[in-house]
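Fold and contact review
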Amino acid sequence: MTGVKISGKKDAVDDFVKLRFRKYSKSLADAVMGGSSLVRCGRQEVLFAQGEPSAHCCYLVSGLVRLNRVREDGKEITIKYIFPGELTDSAVVVTKSLFGAMTLERSELLVVERECIKRLIMADSELLETQLQRCATDMIHLVGLIESHALNGTRERLCAYLEQYAGREHRKNFRLPVPRCELAVLLGSTPENLSRVIKQMTKEGCLTIKGREVQLFY
């Protein structure tokens with residue numbers, strides 16, 4: 001997984017400010033610079049756990065992060081993958097983490113103190129409105145996830161994911177960011193069921209998947 005082009009903490013802070021606040025100013029960047037740190041993590045390191053106090057927001061510079069939620073029965077649900085240039089969360093209003101986050105490969109992150117962000121948005125109504133819009137976007141994503149799991153089968157969910165990822169990569173041949181077992185969890189399926197779906201779609205000439213290399217024909 002490649003990272004965004006970052007030469008140091010300042011570049012990471014500038015990118016974070018533009019993404020988080022949808023505008024840039026030196027005063028915003030200076031405030032974030034003083035309330036953040038650039039952190040390197042190994043593979044499968046827990047960034048934060050579900051239900052623990054929400055103290056930070058992370059911007060992924062390089063690597064790959066998985067957001068997950070654990071149900072009361074202990075079953076783990078993958079919410080989404082965080083790619084370089086994305087935030088681990090958008091909510092500042094919550095006091096506890098709604099999800100858990102873990103690195104899936106060596107990663108570098110800009111870790112920003114939640115209180116730093118909160119002070120900035122509470123002092124600027126425009127920034128506050130931007131954060132509310134980000135929360136609404138996250139809510140739409142979660143509603144879509146619920147609808148997809150409730151109404152669609154594994155094949156439909158797989159097709160939607162592959163089409164979305166192909167759009168992200170701007171091509172129809174790409175490498176899956178995670179192994180099939182991880183992808184099955186994201187799709188709310190099992191590795192065995194996902195393998196059957198892939199085998200059937202390969203037989204129909206819709207795609208080929210060798211290891212993690214994918215070629216779409218639709």
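Okay, so let's go over this structure. (Residues numbered from 1 in each chain as written. Predicted model: local features only at pLDDT ≥ 70, side-chain atom pairs only at ≥ 80, totals over all residues. Heavy atoms only, no water.)

This next bit is on the overall build of the protein chain. The secondary structure content of the protein chain amounts to seven helices and 10 strands. Considering the protein chain as a whole, with its 218 residues, one finds that 40% of them fall into the buried category. Put simply, of all contacts in the protein chain between residues at least 6 apart along the chain, 73% involve residues at least 24 apart. Looking at the protein chain as shown, the accessible area adds up to about 11900 Å², and 54% of this sits on carbon and sulfur atoms. (Helix = DSSP H or I, 4+ residues; strand = E, 2+ residues; numbered from the N terminus. Buried < 20%, exposed > 50% of the residue type's maximum accessible area, 1.4 Å probe, protein only. Contact = heavy atoms within 4.5 Å. Areas by Shrake-Rupley, 256 points an atom, 1.4 Å probe, with all protein chains shown as cover.)

Take the nonpolar core next. With 26 residues, the main nonpolar core has Tyr-81, Leu-158, Tyr-161, Leu-162, Phe-174, Leu-183 and Leu-207 as its most contacted residues. Among the elements of the structure, α5 (154-169), α6 (180-186), α7 (191-203), β9 (207-210) and β10 (213-216) are those that each provide at least two residues to this core. For this core, the element with the highest residue contribution is α5, accounting for six residues. Filtering out sequence-adjacent residues up to four positions away, Leu-183 remains in contact with Tyr-81, Leu-158, Tyr-161, Leu-176, Val-178 and Leu-194. (Core = buried A, V, L, I, M, F, W, Y, C linked by side-chain atoms within 4.5 Å.)

Here the focus is the pattern of salt bridges. Here the idea is simple: oppositely charged side chains can pair when their charged atoms come close. Per the stated rule, a full pass over the model turns up 13 salt bridges. Of the charged contacts, one joins Lys-23 and Asp-124 as a salt bridge, the two residues approaching to 3.6 Å between their closest N and O atoms. Of this pair, Lys-23 sits in the loop between α1 (9-21) and α2 (26-34) while Asp-124 sits in the loop between α3 (114-122) and α4 (125-151), and the two are 101 residues apart along the sequence. Residue classification places Asp-124 among the partly exposed residues on the basis of a relative accessible area of 23%. (Salt bridge = Lys/Arg side-chain N within 4 Å of Asp/Glu carboxyl O.)

A few words now on the sheet that holds strand β2 (residues 46-48). Read from one edge of the open sheet, four strands run β2-β6-β4-β5, paired in antiparallel fashion. Two strands close off the open sheet at either side, each with one partner strand: β2 and β5 (76-82). Across the sheet, the axes of successive neighbouring strands diverge by a mean angle of 30 degrees, strand direction being ignored. In this sheet, strand β6 (residues 100-103) lies alongside β2 in antiparallel orientation, the contact comprising two bridges. Bridge assignment links Phe-48 to a residue of β6, and that residue is Ala-101. (Pairing = 2+ DSSP bridges. Axes fitted to C-alpha atoms, helices over the stretch in contact; angles between N-to-C directions.)

No statement about biological role is implied by the geometric values presented.
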